[in-house]
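Residues per chain, in single letters:
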Amino acid sequence: QPSSFVPVSFLKSQKMSDDDDIPLPKRSRIYYGSLEEKERERISKGDGGYLGRDAVKAGIEAGHINISSSEFYDVEDHVSERQAEVLAEFERRKRARQINVSTDDAEVKACLRALGEPITLFGEGPAERRERLRNILSVVGADALKKTEKTDDAKKIRQEHQQTWYHEGPSTLKTARISIARFSLPRAVKRLEEARANKEIPEASRTARQQELHKGLRALNNFCSQIGDDRPISYCQFSPNSKLLVTASWSGLCKLWGVPDCSLIRTLRGHSTNVGAIVFHPQATISLDEKDCNMASCAADGSVKLWNLESDEPVADIEGHTMRVARVAWHPSGRFLGTTCYDHSWRLWDLEAQEEILHQEGHSKGVYDIAFHRDGSLVGTGGLDAFGRLWDLRTGRCIMFLEGHLKEIYGVSFSPNGYHAATGSGDNTCKVWDLRQRKCIYTIPAHQNLLSAVRFQPTDGHYLLTGAYDNTAKIWTHPGWSPLKTMAGHEGKVMGLDISPNGQLIATCSYDRTFKLWTSE
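Conventions we followed
- Residues numbered from 1 in each chain as written.
- Predicted model: local features only at pLDDT ≥ 70, side-chain atom pairs only at ≥ 80, totals over all residues.
- Heavy atoms only, no water.
- Helix = DSSP H or I, 4+ residues; strand = E, 2+ residues; numbered from the N terminus.
- Buried < 20%, exposed > 50% of the residue type's maximum accessible area, 1.4 Å probe, protein only.
- Contact = heavy atoms within 4.5 Å.
- Areas by Shrake-Rupley, 256 points an atom, 1.4 Å probe, with all protein chains shown as cover.
- Pairing = 2+ DSSP bridges.
- Axes fitted to C-alpha atoms, helices over the stretch in contact; angles between N-to-C directions.
- Phe/Tyr/Trp six-rings, centres within 6.5 Å; stacked < 30°, edge-to-face > 60°.
- Lys NZ or Arg CZ within 6 Å of the ring centre and 35° of its normal.
- Expected span 1.5 Å × (residues − 1).
- Lys, Arg positive; Asp, Glu negative; His and termini not counted.
- Salt bridge = Lys/Arg side-chain N within 4 Å of Asp/Glu carboxyl O.
- Polar contact = N/O pair within 3.5 Å; in protein donor to acceptor, adjacent residues only side chain to side chain.

Caption draft 1: Highlighting the overall build of the protein chain. Check the secondary structure of the protein chain and you find nine helices and 28 strands. Residues counted as buried form 41% of the 521 residues belonging to the protein chain. Look at the contacts in the protein chain between residues 6 or more apart in sequence, and 47% of them connect residues 24 or more apart. As presented, the protein chain carries roughly 30,200 Å² of accessible surface, and 50% of it is formed by carbon and sulfur atoms.

Here is the structure:
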């Protein structure tokens, strides 16, 4: 009877034969580093047969296989030179297509000259020249021309800054400068003596006096309002003896008024267009005869006229301006007259020599206002370029540049203390400048519209008066620059103002054709 058991060895062999039919998964081998050592071992052992060895040798000899040394061959770093040249040429042509070159042959030649290239080649026409410039720019870069221009401009600027230009002036200018120096130095000495004497006064007394002044200013009231003309009144000024007021109008008429009763004394007829300003001679109504030249006026047509106190006709005309003259001012000596013009300059006239002795440029736009220092040594000008300048009349130099306003400067005034100046501007602010520190020490946000005029108190400079196109005039303390009084009453913009030399009255004139007098009760 056959056995039901199968030998174990048979089962094992049977199992193994079944497993042979299942393919084993191939494991991928990852080699790190160089295969050089393993290849050497394989070749030395003779693996691969004669055919494999011959193939490897043939590859080594052909230079396709390198296993003889540890050197690496980086394909990217050894691109053929020809291929690199072709790529560079393609890039250059691409850049050249993007470069814009002028079609003006003269400009093309100028660019070639700037780049140090010949401006023309034999048989070269404008089109070829233009293409040559394009090719050069594609190599050196399109910014090369800009860099060359910047370098040239920088050289020119350096040369201009290094050069000092002198214009020979007339002999009368030298005489005038000496005269101004002799006039101003004693006045400066006197001013400093007064400042030292004032410093000796006890602080309590000075404070009490200032408080009394402030109290009077806060009580200022309009006690007289007078229609001055049919057109807006552009300027007003008190006479040195504080008994007369002169006004200028856009009608071309100037009028002389008695104060404080505002009675019309005389109408001055001479101008045919808007009068910018009319001012009294420093000695008028004091030591000057009425027949002499007592006033000067200027107008928009460039005319400047001189007047006496007896006639309603001008006694003389000053000719030379071709554009609008905005302001006119007397030098404290009374010998010289300063005028500002829209031709970007201001001028100084010697009335004794009866000629123009200085035609001073320096502003980039029209010059609007002018003011002389109390000593007579300096003059300040304010321009429509938003800058002010202080000039030394004894040397002719600009000693201070007033930079800071954002818009035109319409008013300039010197303080009697000798070292403060104020400027009023179209940016609605008034700036106070210290001549000793040569900088702006305070900016007063004064009004809601442009400032048309600024004035320091003529006697002591204890307050500052500003007028503006917001129809008001305001008083500010000095040196605190705090508001003391707002004088409202005009129906139009305030175009001019003045303080009487005795300090008793303040006058304002307006676009509403009136002028008003203000005094404390």
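Having seen the structure, we can now continue with the description.
Caption draft 2: Representation of the sheet that holds strand β17 (residues 398–402) in the model. The four strands lie next to each other as β14-β15-β16-β17, forming an open sheet whose pairing is antiparallel. With partners counted over all chains shown, the strands left at the sheet margins are β14 (367–372) and β17, one partner each. Averaged over neighbouring strand pairs, the angle between their axes works out to 20 degrees when direction is ignored. Bridge count for strand β16 (residues 388–392) against β17 is four bridges, and the pairing is antiparallel. Looking across to β17, one finds that G388 is bridged to L402.

Caption draft 3: Quick look at the environment of P332. If you trace the backbone, P332 turns up in the loop between β10 (325–330) and β11 (336–341). Exposure remark for P332: the relative accessible area of 17% places this residue in the buried category. Along the sequence, P332 and I180 sit 152 residues apart, while their C-alpha atoms lie 9.7 Å from each other. Ignoring any residue separated from it by four or fewer positions in sequence, one finds P332 in contact with F183, R187, P282, F372, H373, R374 and G376.

Caption draft 4: Fine view of the packing of aromatic side chains. Under the definition given, this model contains six aromatic pairs. Ring centres of F456 and W481 lie 6.5 Å apart, and the angle between their planes is 70 degrees; on these two criteria the pair is classed as edge-to-face. With F456 in strand β22 (residues 451–456) and W481 in the loop between β24 (472–477) and β25 (483–488), this residue pair connects regions lying 25 residues apart in the sequence. Over the aromatic face of Y419 sits the side chain of R436, whose NZ or CZ is 3.6 Å from the ring centroid. A cation over a ring is seen here: K493 above Y511, with NZ or CZ 4.6 Å from the ring centre.

Caption draft 5: View of helix α6 (residues 126–140). Here α6 contains 15 residues, and its C-alpha end-to-end distance of 21 Å stays within 8% of the 21 Å for a straight helix at 1.5 Å per residue. Within the sequence span of α6, burial applies to R129, R132, L133, R134, I136, L137 and S138. Within two residues after α6, G141 carries a phi angle of roughly 105 degrees, on the positive side.

Caption draft 6: Up close: the side chain of K516. Among the structural elements, K516 can be located in strand β28 (residues 514–520). Buried within the structure, K516 lacks any salt-bridge partner; its nearest side chain of opposite charge belongs to D512, at an N-O separation of 5.3 Å. A polar atom in the side chain of K516 sits 2.8 Å from the side chain of S225.

Caption draft 7: Representation of the sheet that holds strand β21 (residues 439–444). Pairing is antiparallel across the open sheet formed by four strands, whose spatial order is β18-β19-β20-β21. Of all strands in the sheet, those with a lone pairing partner are β18 (409–414) and β21, marking the two edges. Going across the sheet, the axis of each strand differs from the next one's by a mean of 20 degrees, ignoring polarity.

Caption draft 8: Examining the pairing of strand β2 (residues 233–238) more closely. With six of six residues buried, β2 lies mostly within the body of the structure. Pairing geometry for β2 and strand β3 (residues 244–249), over five bridges, is antiparallel. When the bridges of β3 are listed, Y235 appears paired with A248. Between β2 and β3, which pair antiparallel one after the other, the connecting turn spans five residues, and S242 there sits at a positive phi close to 65 degrees.

Caption draft 9: Just the pattern of salt bridges, in detail. Counting across every chain of the model gives 19 salt bridges. E124 serves as the salt-bridge partner of R129, at 3.7 Å between the closest nitrogen and oxygen. With a closest N to O distance of 2.9 Å, E203 and R206 form a salt bridge. Placement of the pair is E203 and R206 together in helix α9 (residues 203–218), with a separation of three residues, close to one helical turn. Given a relative accessible area of 52%, E203 falls into the exposed group. Linked by salt bridges that have partners in common, D105, K109, E124, R129 and R132 make up one network.

All quantities given are derived from atomic positions and should not be read as evidence of function.
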